[in-house]
Amino acid sequence: MDNNYLTQISATELGGLISSKNLSPVEVTEAYLDRIDRFDNNLKAFITVCHDSAIESAKSAEQALIKGRAIGALHGLPFAVKDQFETKGILTTAGSRVLANYIPNRDATTVRRSIDAGAILIGKLNLTQFAAGGGDHYPFGEARNPWNTDYTPGLSSSGSGIAIAASLASLTLGEDTGGSIRMPASVNGIVGLRPTWGLVSRYGVIPFCWSMDTAGPMTRTVEDAAMFMNVISGYDPLDRYTSKIPTPNYLTHLTGDISGLRVGVLKEFTNQEFVHKDVLSSIEASISDLEKLGAIVEEVSLPMLRNVSIVAASISESDGAFYHRKWILEQPKDYGHNTRRRLLAGSLIPAQIVHKAARVRTVFAHEWSKLFGKLDVLISPTMLSPAGKIAHVENVTDRQDAINKFGQVNSPTFPAAFIGVPALSIPSGFSNEGLPIGLQIMGRRFQDALVLKVGHALQSITDWHNKRPTV
């Protein structure tokens, strides 16, 4: 079977071919490793590639099929994880020179569950330093957008987005504090789900902000994300913050029927003054598609959204500074200039501000839930503009220069992260320059299945998720 075909079909289709013995896990794994060898020197999606162990795992997976053993939901599927996830015996850097030699003696729960379900770990993926965002060079190679390598692949879960878009892995895991799954999903033209906080274990994930961080799937299709969620979600005794609420079979919710569903379009993120014209055109097309599917769409407003990003950042930045307090004192030069600046600035946020932000969080969660008295889901652009060109901040000259380089209007990804609700980014079009655009679908806590259902219904009548960059 043609290697390009093997690496470009969805993980769900690939899994079906493997489980029916029409395709060898070894053949699939070799096809992905070949693409990594051919293309990743330019894209830098990977920090570590597990060539030898991946082939050995693939051979074991093949033997299980030959001998008729029971197989898991991800049997034979090559997957890769953001290098923020600990992997036993495999280098885990969190994208930083601080951990350049760190080899854990444990697997993150999400990694272990994936392997136990038959997935084959082919490598660890590139990310911004400690998932802290941009401005600095990547210590392990500059990650690049496969649609145009002069452009950013999105911040934090960069490699996870690149690997799916460029067909270097069938499934990837990302991590999201304020948008680090959804933003790379948007600019790489893939699917990314930030699950309800507490639905997926964070055991073994190097943190940035414990009250906002969550792991989630980054995939080609919504169906792939649902399949992955069936494996990684659910209570974990190693993470006391995971919920004991029973998890559904997410795949069974993908019926394609959203007739009568009530959808709210958040006015604060469709303001023409701040939103790129191609993004506005994309969301207008998505609204039309939702209405064709029988959904009832209306514009809604939540004025608190204008200030949520800065309030949420007050918590996440101070939390990140707390986690890094020892390393940044002992190894300051191992941090990039802008990452160090960010963490040091976070350590200066007064306690009164953090406490006030926590109170605002409670109020915002209440206001958010009130919208769902008449709505089922909310939508917005995932990002207000397509990807920008790769840029590095070498110095900051004064206060106004800092505002110009680091200031931003409110991000559509922060609200869901702030209050821990599910948010899904799906491909929804392209800019005139050929760069992907994403649509964000958000819901109430533990309504992940509904959010996936809406995304799947949209994908059933569009073709954006089938587009592939030429690498």
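It should be noted that the structure appears before, not after, this text.
Quantities reported herein were computed from a predicted structural model and do not represent experimental measurements.

1. Brief notes about the pairing of strand E11 (residues 436-442)
Alright, step 1. Burial runs high along E11: seven of the seven residues are buried.
Alright, step 2. By the alternation rule, side chains of E11 split into Pro-436, Gly-438, Gln-440 and Met-442 and Ile-437, Leu-439 and Ile-441, which are all buried.
Alright, step 3. As judged from the four bridges shared by strand E9 (residues 377-381) and E11, these two strands associate in the antiparallel manner. Note that in E11 the partner of Ser-380 across the bridge is Gln-440.
Alright, step 4. Examined bridge by bridge, strand E10 (residues 423-430) and E11 share seven bridges and lie antiparallel to one another. For Pro-427, the partnering residue across the bridge sits in E11 and is Gly-438.

2. Focus on the pattern of salt bridges
Alright, step 1. Scanning the entire structure with this criterion turns up 17 salt bridges.
Alright, step 2. For Arg-112, the salt bridge is made with Asp-116, and the minimal N-O distance between the two is 3.1 Å. Of the two residues, Arg-112 and Asp-116 are both situated in helix H5 (residues 109-116); the distance of four residues between them amounts to about one turn of the helix.
Alright, step 3. Residue classification places Arg-112 among the partly exposed residues on the basis of a relative accessible area of 34%.
Alright, step 4. Under the relative-accessibility criterion, Asp-116 is labelled exposed at 54%.
Alright, step 5. In this structure, the salt-bridge partner of Arg-262 is Asp-376, at a minimum N-O distance of 3.1 Å.

3. Some words on the sheet that holds strand E6 (residues 214-219)
Alright, step 1. Taken in spatial order, the 11 strands make up an open sheet running E1-E3-E2-E4-E6-E5-E10-E11-E9-E7-E8, and their pairing is mixed. Unpaired on one side and paired on the other, strand E1 (46-49) and strand E8 (296-300) mark the two borders of the sheet. Direction aside, neighbouring strands of the sheet carry axes that sit 30 degrees apart on average.
Alright, step 2. Two strands pair when backbone bridges link them, and strand E7 (residues 262-266) and E8 are joined in this way by five bridges, in the parallel orientation. Its bridge partner being in E8, Arg-262 is matched across the sheet by Ile-296.

4. A few points about the pairing of strand E2 (residues 78-82)
Alright, step 1. Where burial is concerned, most of E2 is hidden: five out of the five residues are buried.
Alright, step 2. The sheet contact formed by E2 and strand E3 (residues 120-125) spans five bridges and is parallel. The residue bridging Val-81 from the neighbouring strand is Lys-124, located in E3.
Alright, step 3. The pairing of E2 with strand E4 (residues 171-176) spans three bridges and is classified as parallel. Its bridge partner being in E4, Val-81 is matched across the sheet by Leu-173.

5. Digging into the packing of aromatic side chains
Two descriptors summarise a pair of aromatic rings, namely the distance from one centre to the other and the angle between the planes of the rings.
Alright, step 1. One pass over the full model with this rule turns up 11 aromatic pairs.
Alright, step 2. Between Phe-364 and Phe-418 the ring centres are 6.3 Å apart and the planes differ by 35 degrees, which places this aromatic pair in the tilted class. Remark: Phe-418 occurs in helix H15 (residues 414-419) and Phe-364 occurs in helix H13 (residues 351-371); sequence separation between them is 54 residues. Each member of the pair, Phe-364 together with Phe-418, is buried.
Alright, step 3. By way of ring pairs, the aromatic residues Phe-130, Tyr-323, Trp-327 and Tyr-335 are connected into one cluster.
Alright, step 4. Above the ring of Phe-140, the side-chain terminus of Arg-97 is found at 4.5 Å from the ring centroid.
Alright, step 5. For the cation-ring pair, Lys-244 lies above Tyr-235, with the distance from its terminal atom to the ring centre recorded as 5.1 Å.

6. A closer look at helix H2 (residues 11-19)
Alright, step 1. The set of residues buried in H2 consists of Ala-11, Leu-14, Gly-15 and Ile-18. Buried positions in H2, seen along its axis, are confined to an arc of 100 degrees and lie on one side of it.

7. Structural notes on the packing of helix H10 (residues 305-323) against helix H12 (residues 337-346)
Alright, step 1. Axis separation between H10 and H12 bottoms out at 7 Å; the angle between their running directions is 105 degrees. When the axes of H10 and H12 are compared, the pair comes out roughly perpendicular. On H12, the residues touching Glu-317, Ser-318, Gly-320 and Ala-321 of H10 are Arg-342, Leu-343 and Gly-346.

8. Details of the side chain of Thr-242
Alright, step 1. Here Thr-242 is to be found in the loop between helix H8 (222-232) and E7.
Alright, step 2. Using a relative accessible area of 5% as the deciding quantity, one classes Thr-242 as buried.
Alright, step 3. In this structure the side chain of Thr-242 is engaged in a polar contact, spanning 3.0 Å, whose partner is the backbone nitrogen of Asp-236.
Alright, step 4. A polar contact of 2.7 Å, which involves the side chain of Thr-242, links it to the backbone oxygen of Asp-239.
Alright, step 5. Excluding residues within four positions of it along the chain, Thr-242 makes contact with Gly-198, Val-200, Ser-201, Gly-234, Tyr-235 and Asp-236.

9. So, unusual backbone geometry
Alright, step 1. Phi at Phe-130 takes a positive value of approximately 55 degrees, unusual for a residue other than glycine.
Alright, step 2. By secondary structure assignment, the location of Phe-130 is in the loop between E3 and helix H6 (158-165).
Alright, step 3. Judged by its relative accessible area of 2%, Phe-130 is buried.
Alright, step 4. Phi at Phe-446 is positive, roughly 65 degrees, even though this residue is not glycine.
Alright, step 5. Within the secondary structure layout, Phe-446 lies in the loop between E11 and helix H16 (448-460).

Rules used in this analysis
- Residues numbered from 1 in each chain as written.
- Predicted model: local features only at pLDDT ≥ 70, side-chain atom pairs only at ≥ 80, totals over all residues.
- Heavy atoms only, no water.
- Buried < 20%, exposed > 50% of the residue type's maximum accessible area, 1.4 Å probe, protein only.
- Helix = DSSP H or I, 4+ residues; strand = E, 2+ residues; numbered from the N terminus.
- Pairing = 2+ DSSP bridges.
- Salt bridge = Lys/Arg side-chain N within 4 Å of Asp/Glu carboxyl O.
- Axes fitted to C-alpha atoms, helices over the stretch in contact; angles between N-to-C directions.
- Phe/Tyr/Trp six-rings, centres within 6.5 Å; stacked < 30°, edge-to-face > 60°.
- Lys NZ or Arg CZ within 6 Å of the ring centre and 35° of its normal.
- Arc of directions from axis to C-beta.
- Parallel < 35°, antiparallel > 145°, perpendicular 65-115°, else oblique.
- Contact = heavy atoms within 4.5 Å.
- Polar contact = N/O pair within 3.5 Å; in protein donor to acceptor, adjacent residues only side chain to side chain.

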